[in-house]
Number of protein chains: 2
Amino acid sequence: MTRSEENYIKTIFHLGGNSTSPISTNAIAEQMETKPSSVTDMAKKLADKGLVHYKKYQGILLTESGIRLALSIIRKHRLWEVFLVEKLDFTWDEVHEVAEQLEHIKSEKLIDQIDALLGYPKYDPHGDSIPSKDGEFFERDKQLLSDMPKAGVGVCVGVKDTSPTFLKFLDKNQIALGITIEVLEIEEFDQSLTIQIHDKSLNISHQIAANLYVKKQS
Amino acid sequence: MTRSEENYIKTIFHLGGNSTSPISTNAIAEQMETKPSSVTDMAKKLADKGLVHYKKYQGILLTESGIRLALSIIRKHRLWEVFLVEKLDFTWDEVHEVAEQLEHIKSEKLIDQIDALLGYPKYDPHGDSIPSKDGEFFERDKQLLSDMPKAGVGVCVGVKDTSPTFLKFLDKNQIALGITIEVLEIEEFDQSLTIQIHDKSLNISHQIAANLYVKKQS
DNA sequence: ACAAATATTTAGTTTTGTCTAAATTTAATT
DNA sequence: AATTAAATTTAGACAAAACTAAATATTTGT
């Protein structure tokens, strides 16, 4: 398994290639910042290895073993992210780039021991679920803050966008996993929200709210 | 800096390419299990980048910046080895293969934080010195066990051969860094040694003794 | 010093992963 | 349903890093 193959498998998974509707060559190319023709080439190779289903012009879908592989890579990526934050004082906007490299290290013992060292965490620093060693993972019950009604109260449990710019914005406004958010007002004009956090009120754009996951308080 | 380039630089350093006598194409090829013609190709590329001095048929020598690069790779390799042993319960025969991969991860913060987490260790699990961040490193005062005289007493401070087979042999015989070794007898016939460790006597071949470093007791 | 042996380089090929440009298929629109 | 637009694939090329085989330099032995 080369690094490039692993990156394709991971990307296809993230684009929904584990479901039933195939992913287009174009979508993969765009996500990976490469050209559709390169994707076609790789699709053939991955199909030969039994990792994807591929029929010309019909898009790409992961096979069973493709999904297993994707989950193992995602598991490594997210465990490394936890490690970087918990043990090495990385901030959540710094981890992705390094985890992109670390996820390709080949050693089963290594990742199992990292898992143990961290106490078998279930979620990464962005709130995403970490697949177990045998490929199971459970998405947490969550909803976008932008889908909450006025006066709704929830706990921040994850982010959708994980770009450094967004994460730094959150830091600056003291929005972190675990904090309680109450929706005070939803502006009809631009869908921006006024929320209450840490006993202060703050106005955030719809786009911000559409990238924050919360768990509704029962 | 590609992975392959880094591996060449590291190998040249280990073959003594930081001194004044150039390393031959053949020696590098043998060490890296590749062909001399491949080494020639890479020598040109590294020379273009200013990392080695290279004149046709005259062998290869690291430049100042080549040495700096080599030391930074070796620093990473050895710090990762310490991490694997200290934090993840790897044995000293398991670390090399994984550290070979980890040493190529590109993140200054990562390796600095690993260094801090480990408490700025000076030696790796095989007793080799870890270069500091600015490229300084001091070889410990040590000698081969095979060079010790009869009745000499020393503390094991390192190994020369770091192959899994050798290290497993040492484990099996409870030879580890820090233990005290006394030379009881040197056989004239085959230069094998009878040594005293842990209050037991043990006979080891000359080849074993020639791969164990000790620090003589004053 | 000169021939034989050894070491090194050159030239041309291969593989992997990418690209461009052209050709082809599928989807969309009128 | 035909034509245009968009997506996808093919064909051919390239760069990196390796290889083989042949050519050339250097070293060694007498």
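Everything here concerns the structure above.
Residues numbered from 1 in each chain as written. Chains lettered and ligands numbered in written order. Predicted model: local features only at pLDDT ≥ 70, side-chain atom pairs only at ≥ 80, totals over all residues. Heavy atoms only, no water.

### Structural notes on the packing of aromatic side chains
Residues and elements named next belong to chain B. Definition in use: Under the pairing criterion, centres of Phe, Tyr and Trp rings, with the six-membered ring standing for Trp, must be within 6.5 Å; the plane angle then separates stacked pairs below 30 degrees from edge-to-face pairs above 60, leaving the rest tilted. Strands here mean DSSP runs of E at least two residues long; helices mean DSSP runs of H or I at least four residues long; both are numbered from the N terminus. Accessible area is worked out with a 1.4 Å probe on protein chains only. A residue is then buried under 20% of its type maximum, exposed over 50%, and partly exposed in between.
Tallied over the full model, the rule gives 3 aromatic pairs over all chains. When the ring of tryptophan 80 is compared with that of phenylalanine 83, the centres are 5.5 Å apart and the planes differ by 85 degrees; the resulting orientation is edge-to-face. Here tryptophan 80 pairs with phenylalanine 83, and both are found in helix α4 (residues 64-88), just 3 residues apart, close to one helical turn. Across the pair, phenylalanine 83 and tryptophan 80 agree in class, each one buried.

### Considerations on the interface of chain B and chain A
To keep things clear, this is the line we draw: Any two residues whose heavy atoms approach within 4.5 Å at even a single point are treated as in contact. Buried area: the accessible area, evaluated with a 1.4 Å probe, that two parts lose upon being put together, summed over both parts. A carboxyl oxygen of Asp or Glu within 4 Å of a side-chain nitrogen of Lys or Arg is what we treat as a salt bridge. Contacts described as polar in this section are N or O atom pairs within 3.5 Å, which, within protein, must combine one atom able to donate a hydrogen with one able to accept it, while residues neighboring in sequence count only if both atoms come from side chains. When residues are grouped by polarity, Ala, Val, Leu, Ile, Met, Phe, Trp, Tyr, Cys and Pro land in nonpolar, Asp, Glu, Lys and Arg in charged, and all others, Gly among them, in polar.
Of the residues lining the interface, 20 residues belong to chain B; the matching set on chain A comes to 20 residues. For the pair chain B and chain A, the two sides together bury roughly 1700 Å², of which 66% comes from carbon and sulfur. The interface formed by chain B and chain A holds 2 salt bridges in total. B:Glu94 is the salt-bridge partner of A:Lys109, the closest N and O atoms lying 2.8 Å from each other. Seen at the junction of chain B and chain A, the total is 8 residue pairs in polar contact (both at pLDDT 80 or more). Counting residues per element, the ones that place at least two in the side of chain B that touches chain A are α4, α5 (95-102) and α6 (108-117) of chain B. Among the elements that make up the side of chain B that touches chain A, the one with the highest residue count is α6(B) (5 residues). Considering only residue class, the side of chain B that touches chain A consists of 10 nonpolar, 4 polar and 6 charged.

### Re the protein's contact with DNA strand C
Note the following rule: By convention in these notes, a residue is near a molecule or strand provided one of its non-hydrogen atoms lies within 4 Å of it.
Close to DNA strand C lie 20 residues, the nearest being A:Thr2, A:Thr34, A:Lys45, B:Lys44 and B:Tyr54. Among all atoms of DNA strand C positioned within 4 Å of the protein, those belonging to sugar or phosphate total 79%. Note that a phosphate oxygen of DNA strand C is positioned 3.5 Å from one of the side-chain N or O atoms of A:Tyr8. At 2.9 Å from a phosphate oxygen of DNA strand C is found a main-chain nitrogen or oxygen belonging to B:Tyr57. Taken together, the elements giving at least two residues each to the surface near DNA strand C come down to α1 (3-14) and α3 (36-48) of chain A together with α2 (25-32) and α3 (36-48) of chain B.

### So, the protein's contact with DNA strand D
Close to DNA strand D lie 20 residues; A:Lys44, A:Tyr54, B:Thr34, B:Ser38 and B:Lys45 are nearest. For DNA strand D, the fraction of atoms within 4 Å of the protein that belong to sugar or phosphate moieties is 80%. Within the backbone of B:Lys35, one N or O atom sits 3.1 Å away from a phosphate oxygen of DNA strand D. Here a phosphate oxygen of DNA strand D and a side-chain polar atom of B:Ser38 are 2.5 Å apart. Within the residue set of the surface near DNA strand D, elements represented by two or more residues are α2 (25-32) and α3 of chain A together with α1 (3-14) and α3 of chain B.

### Here we look at the pattern of salt bridges
Counted by the stated rule, this structure contains 28 salt bridges over all chains. Between A:Lys133 and A:Glu108 there is a salt bridge whose closest N-O contact spans 3.3 Å. Of this pair, A:Lys133 sits in the loop between α6 (108-117) and β3 (143-144) while A:Glu108 sits in helix α6, and the two are 25 residues apart along the sequence. Between B:Lys142 and B:Glu139 there is a salt bridge, with its nearest N and O atoms 3.1 Å apart.

What is shown is where atoms sit, not what they do.
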